[in-house]
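Examination of the molecular architecture
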Amino acid sequence: MYKILIGNGDKNMCMKCKKCAGLALIMLVLWGLGFASCADSREIEGVMSESSMVQSADMEPDSAQNPAKQKTSGQATDKEQTADKAPASDRAVMIPYAGEEFQLSVFAAGGSVLYVNGIKADGSNFLGCMDKEGDVFRECEIPFESAKPDGSIMKAMRMRVDEQNRCHILWMSVKPMIDQYGTSYVLDFAKCCITVMDSEGRQQKMLDLSECLYSEEERVLKECPYCFSVDVEGNYYMESSSHESWASIVKVSADGSTVQVIDCAGYSMIEGIGVGKNGSIYCTCVDQEGNRYLGRLEVDASETEQFVSCGVTLPDVRAWFSCVAAGTDTDILLYNKLGGIYAYSDGDSEVEHRVAEEDMPVPGPNAAGGGFLRDGRLCLLASEPEIRFYYVPAGR
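Note that the coordinates shown come from a computational prediction; the quantities given were computed from them, not determined experimentally.

**Regarding the overall build of the protein**
When helices and strands are tallied, the protein shows 3 helices and 27 strands. Counting over 396 residues, the protein shows a buried share of 57%. Considering only contacts within the protein whose residues lie at least 6 apart along the sequence, 56% involve residues at least 24 apart. For the protein, the computed accessible surface area is about 16600 Å², with 47% contributed by carbon and sulfur atoms.

**With respect to the nonpolar core**
Core analysis: the largest hydrophobic core is formed by 24 residues, its most contacted members being Met172, Leu213, Tyr236 and Met238. Within the residue set of this core, elements represented by two or more residues are strand 9 (153–161), strand 10 (167–179), strand 11 (182–197), strand 13 (228–230), strand 14 (236–240) and strand 15 (248–252). With 6 residues, strand 11 is the largest single contributor of residues to this core. Not counting residues within four places of it along the chain, the set of residues in contact with methionine 172 comprises Ile153, Met154, Lys155, Met157, Leu187, Lys191, Cys192, Tyr214, Glu223, Cys224 and Pro225. In terms of nonpolar packing, the next biggest core, distinct from the first, is built from 19 residues, Val116, Leu373, Cys379 and Ile387 among them.

**Thoughts on the pairing of strand 23 (residues 340–344)**
In terms of residue burial, strand 23 counts as a mostly covered element, since 5 of its 5 residues are buried. Relative to strand 23, strand 22 (residues 332–336) runs antiparallel, the two being bridged by 5 bridges. When the bridges of strand 23 are listed, asparagine 336 appears paired with glycine 340. Linking two consecutive strands that pair antiparallel, namely strand 22 and strand 23, is a turn of 3 residues. In the sheet, strand 23 pairs with strand 24 (residues 352–356) via 4 bridges, with the strands oriented antiparallel. The residue bridging alanine 343 from the neighbouring strand is glutamate 352, located in strand 24.

**Details of the sheet that holds strand 6 (residues 113–120)**
Read from one edge to the other, the open sheet built from 4 strands follows the order 5-6-7-8, with strand pairing classed as antiparallel. Two strands in the sheet have a free side with no partner beyond their single neighbour: strand 5 (102–110) and strand 8 (138–139). Sheet topology places strand 6 next to strand 7 (residues 125–131); 7 bridges connect them, and they run antiparallel. Residue pairing across strands places valine 113 opposite aspartate 131, the latter belonging to strand 7.

**Structural notes on unusual backbone geometry**
Across residues other than glycine, the phi torsion is negative in most instances, and most of the peptide bonds are trans. For glutamate 133, which is not glycine, the phi torsion reads 65 degrees and is therefore positive. Within the secondary structure, glutamate 133 is located in the loop between strand 7 and strand 8. Not every positive phi belongs to a glycine, and asparagine 165 is a case in point at roughly 70 degrees. By secondary structure assignment, the location of asparagine 165 is in the loop between strand 9 and strand 10.

**Side note on the packing of aromatic side chains**
Using the criterion set out here, one finds 14 aromatic pairs in the structure. What links up through ring pairs into an aromatic cluster is the set Tyr97, Phe102, Phe107, Phe126, Phe137 and Phe389. It is lysine 155 that lies over the ring of tyrosine 185; its NZ or CZ is 4.6 Å from the centre. One cation-aromatic arrangement involves arginine 219 over phenylalanine 189; the distance from NZ or CZ to the ring centre is 3.8 Å.

**So, the sheet that holds strand 15**
The 4 strands lie next to each other as 13-14-15-16, forming an open sheet whose pairing is antiparallel. Only two strands of the sheet have a single partner each, and these edge strands are strand 13 and strand 16 (259–263). Adjacent strand axes in the sheet meet at a mean angle of 20 degrees when their direction is disregarded. As defined by bridge partners, strand 15 adjoins strand 16 across 5 bridges and the pair is classed as antiparallel.

**Points about the pattern of salt bridges**
For the coordinates displayed, the defined rule picks out 18 salt bridges. Across the pair arginine 138 and aspartate 131 runs a salt bridge whose closest N-O atoms are separated by 3.8 Å. Note on aspartate 131: relative accessible area 38%, which makes it partly exposed. Of the charged contacts, one joins aspartate 329 and arginine 354 as a salt bridge, the two residues approaching to 2.7 Å between their closest N and O atoms. Within this pair, whereas aspartate 329 is found in the loop between strand 21 (323–326) and strand 22, its partner arginine 354 is found in strand 24, the two being separated by 25 residues in sequence. Of the residues examined, aspartate 329 reaches a relative accessible area of 32% and is grouped as partly exposed. In the salt-bridge network here, residues are joined through shared partners; they are Arg91, Lys132, Glu133, Asp375 and Arg377.

**Looking at the pairing of strand 5**
Of all 9 residues in strand 5, 8 are buried; the element is thus mostly enclosed. Pairing between strand 5 and strand 6: 8 bridges, direction antiparallel. For alanine 108, the partnering residue across the bridge sits in strand 6 and is tyrosine 115. Hairpin connection from strand 5 to strand 6: 2 residues lie between these consecutive antiparallel strands, with glycine 111 at a positive phi of about 60 degrees.

**Observations regarding the side chain of serine 240**
The residue serine 240 is located in strand 14 in this model. A polar contact of 3.5 Å, which involves the side chain of serine 240, links it to the backbone oxygen of valine 220.

**Side note on the environment of glutamate 200**
Tracing the backbone shows glutamate 200 in the loop between strand 11 and strand 12 (203–208). Its relative accessible area of 41% is what places glutamate 200 among the partly exposed residues. Along the primary structure glutamate 200 and glycine 128 are separated by 72 residues, whereas in three dimensions their C-alpha atoms are 9.4 Å apart. When near neighbours in sequence (up to four residues on either side) are disregarded, glutamate 200 contacts Cys129 and Arg138.

The rules behind these values
Residues numbered from 1 in each chain as written. Predicted model: local features only at pLDDT ≥ 70, side-chain atom pairs only at ≥ 80, totals over all residues. Heavy atoms only, no water. Helix = DSSP H or I, 4+ residues; strand = E, 2+ residues; numbered from the N terminus. Buried < 20%, exposed > 50% of the residue type's maximum accessible area, 1.4 Å probe, protein only. Contact = heavy atoms within 4.5 Å. Areas by Shrake-Rupley, 256 points an atom, 1.4 Å probe, with all protein chains shown as cover. Core = buried A, V, L, I, M, F, W, Y, C linked by side-chain atoms within 4.5 Å. Pairing = 2+ DSSP bridges. Phe/Tyr/Trp six-rings, centres within 6.5 Å; stacked < 30°, edge-to-face > 60°. Lys NZ or Arg CZ within 6 Å of the ring centre and 35° of its normal. Axes fitted to C-alpha atoms, helices over the stretch in contact; angles between N-to-C directions. Salt bridge = Lys/Arg side-chain N within 4 Å of Asp/Glu carboxyl O. Polar contact = N/O pair within 3.5 Å; in protein donor to acceptor, adjacent residues only side chain to side chain.

This is the structure we're talking about:
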């Protein structure tokens, strides 16, 4: 079994530690944050600065493949790529939170909305959404009972907001376990679902993935995925790793009927997955030595999806590149707590350092979660000295 402390999924740790600590227990830290009422919003000065390009190198020569002739996985049509695409915003602003106090569990931002799952002061679960630059979450109905007789509950493990303002929430069943450190939750591998919520917090559909991911023949998801994303066709991509094999990406069809496991040979972990402006599925990955690279999924001549390297080394910083999303003027934007914001387009030989960490409005350790909006801004939820939402321009 795997011991899980519900958290936002961005753990600042060296990749080598995961291999050493290994075997059974994975700790995802519970963010114990108190939300408080605050004053009016104020503009942030000096957020953006011109930075030099980040030095990088090809991971390995790949002369046998021509990216220009390859069909990328999840490739969007021209209409899909440009539909409802907002222009880049250069508005840097801080919004204090003015709602009821609760502790954060999972946070997601995308499109033009923000979603949060947390715990109220009375211990009840809370799911909320609000428009960008709002200051109070609208409470949404949670589709599961609070707890079963055996104490097991459904926990929101991951969230992803797409560019159509739909929030895709990955729920997994867990059982509480109390020790000297407090209450944690253990995956019981009994149930796994995805709920799709609209921008107003209404449930659009629910996919029960229990049978396809937890079949008697094989448990496809061996632990809680560190990251997941959804493409323009509604297919889901989840990180899957174990201590006995290379990392892989589990693709689940939009209706939950089919599952494909895509091997990422040579890599120990997938840190982040996102859909680029061009429709491609990009991911940040780590090798056994802890070096980070950028990869993507491609469809070969036999219509089989495969993982390939983009030939780009990511900067050597001791934090995860867990936030990957479409940019306004580039294929993707990436966020790293200790590095800042980066940009990349297919064919580039290196990533561009858009916003350095020292130019961010909030220190990385104080950022409890974040996500890129459709207008190219990074929305960060910060916890100290009080709960605030920072909007950092990154698109052009």
